[in-house]
Amino acid sequence: MKEVSIGLVGCSSRIKGILNHISTLGKQIKIGALYDIDPKRASEFREQYNKNAMICSSYEEMLALKNIEWVLVSTYNSAHACQSTKALRAGKKVFSEKPIATNLADCRKLYDAYRDSGKKFMLGFTLRYSKFYRKIKEFLDSGEIGKVISMEFNENIGFNHGGHIMCSWRRKEEFTGSHILEKCCHDIDVVNWLLNSRAKYVASFGGRNFFKSENSYLLDKLAPDENGLKAYCQWPSAQGKNPFTSDKDIVDNQVVIIEYADGVRATFHTNLNAGIPERRVYILGEFGALRADFVASKIEFKKIGFQEKIREIFNTQMGSDAHGGADLILAEHLEDLILNENVEPLSTVESGIESAIICFAIEEARKNHKIVDVDTYRFQDVSQIH
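About the thresholds
Residues numbered from 1 in each chain as written. Predicted model: local features only at pLDDT ≥ 70, side-chain atom pairs only at ≥ 80, totals over all residues. Heavy atoms only, no water. Disulfide = S-S within 2.5 Å. Buried < 20%, exposed > 50% of the residue type's maximum accessible area, 1.4 Å probe, protein only. Pairing = 2+ DSSP bridges. Helix = DSSP H or I, 4+ residues; strand = E, 2+ residues; numbered from the N terminus. Contact = heavy atoms within 4.5 Å. Axes fitted to C-alpha atoms, helices over the stretch in contact; angles between N-to-C directions. Arc of directions from axis to C-beta. Polar contact = N/O pair within 3.5 Å; in protein donor to acceptor, adjacent residues only side chain to side chain.

**Student:** Got a minute to help me understand the state of the cysteines in this structure?
**Tutor:** Disulfides are covalent bonds that link the sulfur atoms of two cysteine residues. Inspection of every chain in the model, using the stated rule, returns 0 disulfides. For the unlinked cysteine C167, the closest cysteine sulfur is that of C233, found at 5.9 Å. Among the residues examined, C167 registers a relative accessible area of 8% and is labelled buried. Free cysteine C185: the closest other cysteine sulfur is in C359, separated by 5.8 Å. Residue class for C185 comes out buried when judged on its relative accessible area of 1%.

Here's what the structure looks like:
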């Protein structure tokens, strides 16, 4: 029976959620080494997963270990590319949380390392593994909706989640790159995948209009939850803090317009203060419309015509995790990828770079109030979208 030793870089709750779904963890797949900037977190992971795992004093020490075959990166966004690049250069296979990088130069370095190493690389684009989005993809590919003409999609985040973001490391662009990159890059990716096309032009508007000091009064005005925790401060990262006065530079609302190379036009909307959290897709094609609500786990379709009626094509209770059961599917795929040489990742270096550069272009458009040609961020030797 094949055994693989993996190294964890960043002992986060996110990577813990993935590890807990890997059925062969501790058997065929073993955590051989750990590194985190907080030694306490590394010790807690060792205690939980493998008391014989080595806690490394540096990332480079981990990469020097001959027995480590895979490195799983779950750190600040700004460290993903550098750590993944070093791992590939050291001959390791890599799983990295999204986004792939926070700037174009790091995308280039990572791609070169990936190409030169020939090693496997998987990106944590969870939505691609969701049964919900796979059903949309299957339906679009069937041709029943015809050619897609235009669409809208969104990710509007519940107010407590917004408070968490504004109190955690995600509130600073130096760590995240931008809010659109940090939180929404896999929304952008999944639409790239659904349409099987490349974004050509983008425009965007956004800012921080709600999480400002003058709105701090809401912490006392709104009734606390059943445990006595204040609104906007329910999540552990925000407890005892003030998301309205925290030092931050990300937006709390943003709208985006995208024109794809094949002529499809899309709009995207995100807001961190949603009374009704929503992740929705609405696609208009030649022969009909598809309306999909991720939170409700429901997909509907109606053909053009007087006699046509709305019909459900998906209404399934998905898993309880934040990604509708997709974390389990992603973890199972990662497990299969680690243990079997002939398995290829669904979320790749190329798809990660494509999503990232669209987000870079969106931020340029937002900050400069202009339409941006996404091709100005592309480099020629990155292959077409997978």
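What follows picks up the thread again.
**Student:** Would you mind going over the sheet that holds strand β5 (residues 93-96) with me for this structure?
**Tutor:** Either a parallel or an antiparallel arrangement is found when strands of a sheet pair, and the pairing is made through backbone hydrogen bonds. If you walk across this open sheet you meet the 6 strands as β3-β2-β1-β4-β5-β6, and the pairing is parallel. Edge positions in the open sheet fall to β3 (54-55) and β6 (121-123), since each of these has one partner strand only. Where strand β1 (residues 4-9) meets strand β2 (residues 29-35), 6 bridges bridge the pair, whose relative direction is parallel. Its bridge partner being in β2, V4 is matched across the sheet by I29. Along the sheet, helix α4 (residues 77-89) makes contact with β1, β4 (68-73), β5 and β6, crossing β5 at roughly 165 degrees.

**Student:** When you look at helix α2 (residues 39-49) in this model, what are you seeing that I'm missing?
**Tutor:** Helical geometry: 3.6 residues make up each α-helical turn, so side chains three or four residues apart lie on a common side. If you check which residues of α2 are buried, you get A42, F45 and Y49. In a view along the axis of α2, the buried residues occupy a sector of 60 degrees, so they form one face of it. What points out from α2, more than 90 degrees from its buried face, is the exposed set P39, K40 and E47. Structurally, α2 contributes buried residues whose contacts are with β1, α1 (13-19), β2 and β3. With a side-chain oxygen lying 3.0 Å from the backbone nitrogen of K40, the N-terminal cap of α2 falls on D38.

Purely spatial values, then, with no claim about function.
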